[in-house]
Amino acid sequence: MATLDQCRAALDRLAQNLSSADGNVRRAAAFDRSLSCRITDLDVTFLGRLSDGSVQEVTHVPGPPPHKAEIRLSMAGDDLVALVDGKLNFAKAWGSGRVKLEAGLRDLLRLRTLL
């Protein structure tokens, strides 16, 4: 099971990957939305903002998210680490229910480029 520090490091790598991306990925990430990532097996939620092509202001709180973010992810810590490391295909994980993603339809269409 991934630790809290490993999950935080994975989110930091994701933020760095987004901020250094170019082309379609950079354009897809260039919007301003609140973001939550619930790590189910650790019972913790990371909160932040997807803004200017990167994930910013990342904090974590125990338990479920205190408010409904515009983009909501939920998964086990090991799955987060595997996704960021490129060892888990997002589409397959989402389709099988290992990863849950909730957002408005317009946001989902933009996010498909990122994921």
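In what follows, the structure referred to is the one given above.
Residues numbered from 1 in each chain as written. Predicted model: local features only at pLDDT ≥ 70, side-chain atom pairs only at ≥ 80, totals over all residues. Heavy atoms only, no water.

Participant: Help me understand the overall build of the chain in this model?
Facilitator: A count of helices and strands for the chain gives five helices and five strands. In sequence order, the chain lays out its α and β elements as α-α-β-β-β-β-α-α-β-α. When each of the 115 residues of the chain is scored for burial, the buried share is 42%. Residue pairs in contact within the chain that sit at least 24 positions apart in sequence constitute 57% of those at least 6 positions apart. Accessible surface for the chain amounts to roughly 6,500 Å². Of this, 51% is attributable to carbon and sulfur atoms. (Helix = DSSP H or I, 4+ residues; strand = E, 2+ residues; numbered from the N terminus. Buried < 20%, exposed > 50% of the residue type's maximum accessible area, 1.4 Å probe, protein only. Contact = heavy atoms within 4.5 Å. Areas by Shrake-Rupley, 256 points an atom, 1.4 Å probe, with all protein chains shown as cover.)

Participant: How should I be thinking about the sheet that holds strand 4 (residues 71-75) in this particular structure?
Facilitator: Working definition: the strands of a sheet are paired by backbone hydrogen bonds and lie parallel or antiparallel to each other. Pairing in this open sheet of five strands is mixed, and the strands run 3-2-1-4-5 from one edge to the other. Bordering the open sheet on either side are strand 3 (54-62) and strand 5 (100-103), each of which pairs with just one other strand. Going across the sheet, the axis of each strand differs from the next one's by a mean of 15 degrees, ignoring polarity. Pairing geometry for strand 1 (residues 33-39) and strand 2 (residues 44-51), over seven bridges, is antiparallel. Following the sheet pairing, Arg 33 is matched in strand 2 by Leu 50. Of the strands in this sheet, strand 1 and strand 4 are in contact with helix 3 (residues 77-84), which crosses strand 4 at around 110 degrees. (Pairing = 2+ DSSP bridges. Axes fitted to C-alpha atoms, helices over the stretch in contact; angles between N-to-C directions.)

Participant: Quick question: what am I supposed to make of the nonpolar core here?
Facilitator: One recurring pattern in soluble globular proteins: nonpolar side chains tend to sit buried together. Core analysis: the largest hydrophobic core is formed by 30 residues, its most contacted members being Ile 39, Phe 46, Ile 71, Met 75 and Leu 80. Elements represented by at least two residues in this core include exactly helix 1 (4-19), strand 1, strand 2, strand 3, strand 4, helix 3, helix 4 (90-96) and strand 5. Leaving out residues up to four positions away in the same chain, Phe 46 has contacts with Leu 4, Cys 7, Arg 8, Leu 11, Leu 35, Ser 36, Cys 37, Ile 39, Val 58, Thr 59 and His 60. (Core = buried A, V, L, I, M, F, W, Y, C linked by side-chain atoms within 4.5 Å.)

Participant: Sorry if this is basic, but what is going on with the pairing of strand 1 here?
Facilitator: As a general feature of sheets, a regular strand has side chains that alternate between the two faces. Along strand 1, six of the seven residues are buried, which leaves the element largely enclosed by surrounding structure. Once strand 1 ends, the chain turns through four residues before running back antiparallel as strand 2, passing Asp 43 with a positive phi of about 50 degrees. As judged from the five bridges shared by strand 1 and strand 4, these two strands associate in the parallel manner. Along strand 4, the bridge assignment pairs Cys 37 with Leu 73.

Participant: Looking at this structure, I do not really get the packing of aromatic side chains. What am I missing?
Facilitator: Each pair of aromatic rings is reported with the distance of its centres and the angle of its planes. By the definition in use, this model includes one aromatic pair. Considering the side-chain rings of Phe 90 and Trp 94, the 5.8 Å spacing of their centres and the 35 degrees angle between planes classify their relative orientation as tilted. Of this pair, Phe 90 and Trp 94 both sit in helix 4, four residues apart, which is roughly one turn of the helix. Among the residues examined, Phe 90 registers a relative accessible area of 11% and is labelled buried. Judged by its relative accessible area of 41%, Trp 94 falls in the partly exposed class. (Phe/Tyr/Trp six-rings, centres within 6.5 Å; stacked < 30°, edge-to-face > 60°.)

Participant: Help me out: how do you make sense of helix 3 in this one?
Facilitator: An α-helical turn contains 3.6 residues, so any two residues separated by three or four positions project in the same direction. The buried fraction of helix 3 amounts to seven of the eight residues, a majority that puts the element mostly inside the structure. Every buried residue belonging to helix 3 is among Gly 77, Asp 79, Leu 80, Val 81, Ala 82, Leu 83 and Val 84, and all of these are buried. Just downstream of helix 3 lies Gly 86, where phi reads positive at about 80 degrees.

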